[in-house]
Amino acid sequence: MFQDDWVMRQIESIVNFLTVAVLNKKSPDFEISETEKKDSAYRLHQTLLKLIRENQINEAENLLFERMNSRDRRYLELAVDFYSRLNALDDDTLERCDFSRGEISDGLKEIADRVGIPLSDLFQPAPGEEN
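The numbering scheme is per chain: residues are counted from 1 as the chain's sequence reads. Given that the model is predicted, a residue must reach a pLDDT of at least 70 before its local features are reported, and side-chain atom pairs must reach 80 or more before they are shown or counted; all residues, however, enter totals for whole chains, interfaces and linings. In computing side-chain properties, one takes all heavy atoms of the structure into account and sets aside hydrogens as well as water.

**Side note on the environment of Tyr 75**
Secondary structure elements follow DSSP: runs of H or I of four or more residues count as helices, runs of E of two or more count as strands, with numbering from the N terminus. Structurally, Tyr 75 can be placed in helix α4 (residues 73-88). Here the alpha-carbon distance between Tyr 75 and Ser 40, two residues 35 residues apart in the chain, equals 9.5 Å. Any two residues whose heavy atoms approach within 4.5 Å at even a single point are treated as in contact. Setting aside residues up to four positions removed in sequence, Tyr 75 forms contacts with Ser 40, Ala 41, Leu 44, Arg 67, Met 68 and Asn 69.

The following block contains the structure:
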């Protein structure tokens, strides 16, 4: 339990860092303007939300990584929103979906690494875990 709480706080710290320092935003929410409602990031976001609602988290994460465009800042914003939403899920839901807080943390770090932000240097693994 302690380790899950620690990982949850670590994820919140990563989300906050990426939101404020990298994306220069106040909230991790993926924001859409009317003109962006037809772009691929918006369509991906809608699909990810649907998969989360259907408890298909592994499939959603796989899709995120398949479609991630590391040169487009919108995809980082989308990924931060995605992992923030996953972190807000309760432990029972994550367990039913065969997903863990550790996977949320790892996914965030991998996405950040893909866009050139080495979070592993800033955020350490939970006590007792390896990099």
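Resuming the write-up.
**Digging into the environment of Lys 25**
Among the secondary structure elements, Lys 25 is positioned in the loop between α1 (2-22) and α2 (40-53). Exposure categories follow from relative accessible area, calculated using a 1.4 Å probe and restricted to protein chains: below 20% of the type maximum is buried, above 50% is exposed, and the middle band is partly exposed. Using a relative accessible area of 13% as the deciding quantity, one classes Lys 25 as buried. Spatially, the C-alpha atom of Lys 25 lies 9.5 Å from that of Glu 77, the residues being 52 residues apart in sequence. Not counting residues up to four positions away in its chain, the partners in contact with Lys 25 are Thr 19, Val 20, Phe 30, Glu 31 and Glu 77. Distance and chemistry together define a polar contact, namely a pair of N or O atoms within 3.5 Å, with one atom able to donate a hydrogen and the other to accept it when in protein, and with adjacent residues in sequence counting only for side-chain atoms on both sides. Among the polar contacts listed, one links the side chain of Lys 25 to the backbone oxygen of Asp 29, at a separation of 2.5 Å.

**Examining the nonpolar core**
Here, the term nonpolar core denotes a set of buried Ala, Val, Leu, Ile, Met, Phe, Trp, Tyr and Cys residues that are joined through side-chain atoms within 4.5 Å. Membership of the largest hydrophobic core comes to 36 residues, with the highest contact counts inside it found for Leu 18, Leu 48, Leu 64, Phe 82, Tyr 83, Leu 86 and Ile 111. Only α1, α2, α3 (57-67), α4 and α6 (101-114) provide two or more residues apiece to this core. With eight residues, α4 is the largest single contributor of residues to this core.

None of the figures reported here should be taken as evidence of function without further support.
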